[in-house]
Amino acid sequence: METRQFRAMPGDDLKEILREPGEILREGGLVAFPTETVYGLGGDAENAESSRKIYAAKGRPSDNPLILHLSRVEQAEPLVCVDERARRLMRAFWPGPLTLVLRARDVVPLEARGGLSTVALRMPSHPVASALIDAAGFPLAAPSANVSGRPSPTDAETVWADLQGRIEMILDGGPVSVGIESTVIDVSEELPLLLRPGGM
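First, a word on scope: everything that follows refers to the structure included in this document.

Quick notes on the rules
Residues numbered from 1 in each chain as written. Predicted model: local features only at pLDDT ≥ 70, side-chain atom pairs only at ≥ 80, totals over all residues. Heavy atoms only, no water. Helix = DSSP H or I, 4+ residues; strand = E, 2+ residues; numbered from the N terminus. Rg over C-alpha atoms; globule rule 2.2 N^0.38 Å. Buried < 20%, exposed > 50% of the residue type's maximum accessible area, 1.4 Å probe, protein only. Areas by Shrake-Rupley, 256 points an atom, 1.4 Å probe, with all protein chains shown as cover. Lys, Arg positive; Asp, Glu negative; His and termini not counted. Charge placed at Lys NZ, Arg CZ, Asp CG, Glu CD. Pairing = 2+ DSSP bridges. Contact = heavy atoms within 4.5 Å. Axes fitted to C-alpha atoms, helices over the stretch in contact; angles between N-to-C directions. Salt bridge = Lys/Arg side-chain N within 4 Å of Asp/Glu carboxyl O. Core = buried A, V, L, I, M, F, W, Y, C linked by side-chain atoms within 4.5 Å.

**Some words on the overall build of the chain**
Next, step 1: The helix and strand tally for the chain stands at seven helices and ten strands.
Next, step 2: Computed over its C-alpha atoms, the radius of gyration of the chain comes to 15 Å, within 12% of the 16 Å expected for a compact globule of 200 residues.
Next, step 3: Within the chain, the fraction of its 200 residues that count as buried is 53%.
Next, step 4: Looking at the chain as shown, the accessible area adds up to about 8,800 Å², and 52% of this sits on carbon and sulfur atoms.
Next, step 5: Here the chain contributes 21 positively and 28 negatively charged side chains, and the mean placements of these two sets differ by 3 Å.

**Some points on the sheet that holds strand S10 (residues 193-196)**
Next, step 1: Sheet architecture is open: ten strands sit in the order S1-S8-S2-S3-S7-S4-S6-S5-S9-S10, paired in mixed fashion. The open sheet is flanked by strand S1 (4-7) and S10, the only strands paired with a single partner.
Next, step 2: Inspection of the sheet shows strand S5 (residues 98-103) paired to strand S9 (residues 183-186) by four bridges, in the parallel sense. Counted as the bridge partner of Leu 98 is Thr 183 from S9.
Next, step 3: Across the sheet, helix H6 (residues 127-136) is in contact with strand S2 (31-34), strand S4 (67-69), strand S7 (140-141) and strand S8 (169-172); its angle to S2 comes to roughly 145°.

**Description of the side chain of Ser 51**
Next, step 1: If you trace the backbone, Ser 51 turns up in helix H3 (residues 48-58).
Next, step 2: What makes Ser 51 buried here is its relative accessible area of 0%.
Next, step 3: Each residue touching Ser 51, except ones within four places of it in the same chain, is listed here: Leu 66, Glu 111 and Ala 112.

**Some details on the pattern of salt bridges**
Next, step 1: A full pass over the atoms with the stated rule returns 14 salt bridges.
Next, step 2: Here Arg 87 and Glu 77 are joined by a salt bridge, their closest N and O atoms 3.0 Å apart. Here Glu 77 lies in the loop between S4 and helix H4 (84-93) and Arg 87 lies in helix H4, a separation of ten residues in the sequence.
Next, step 3: The exposure class assigned to Arg 87 is partly exposed, which follows from its relative accessible area of 29%.
Next, step 4: Arg 85 is the partner of Asp 83 in a salt bridge, and the nearest nitrogen-oxygen pair spans 3.8 Å.
Next, step 5: Look at Arg 85 and you get partly exposed, because its relative accessible area is 24%.

**Concerning the nonpolar core**
Next, step 1: Among the nonpolar cores identified, the biggest contains 39 residues, and Leu 41, Leu 68 and Leu 100 are the most heavily contacted of them.
Next, step 2: Of all the secondary structure elements, the ones that give two or more residues to this core are strand S3 (39-44), H3, H4, S5, strand S6 (118-122) and helix H7 (156-163).
Next, step 3: Contacts of Leu 100, omitting those with residues within four sequence positions, involve Ala 86, Leu 89, Met 90, Trp 94, Val 119, Ala 120, Leu 121, Ile 185 and Val 187.
Next, step 4: Among the nonpolar cores identified, the runner-up in size contains 18 residues, and Leu 14, Leu 25, Ile 133 and Ala 136 belong to it.

Written out as structure tokens, the structure reads:
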């Protein structure tokens, strides 16, 4: 597979630049893109085949669930069961490097959830990430854009070294600002649980 690399910087005409990457995602392909934490490897969050492609490109075990990325808070409700506690966290910390684990609705394929009844989701603050989700027209399932077991990438060159020939496109948005993965909190049960310390 030929992997192409596009430059997409904050301040550019992102709507025009991301027209083709959005089409790739709608056709079931994969696009690596910058977030404020690390680069993500994005595919259609509601397409089981896209999730399978993500696992294959990364060499990631299929029981390791993916994080869904949103561009607007309103996109959460169709995907997960959102209670008032989760809404307060979203209002306080989104967009930003906080991932919430919630009960998934049936529209989220088991492949994206790693077979679980829950799914993780967040709303990145990077303008390229938000614009790409809008260009695709749907939330993206997007783990870090690296081969499993290797460090999470903080620039496009590292993504290229890992995934060139495995995915359709890499969006170069420059170095990320946070540089570590998002904080993950499970709020699917009565007692919230910190699953991963991170950028929040």
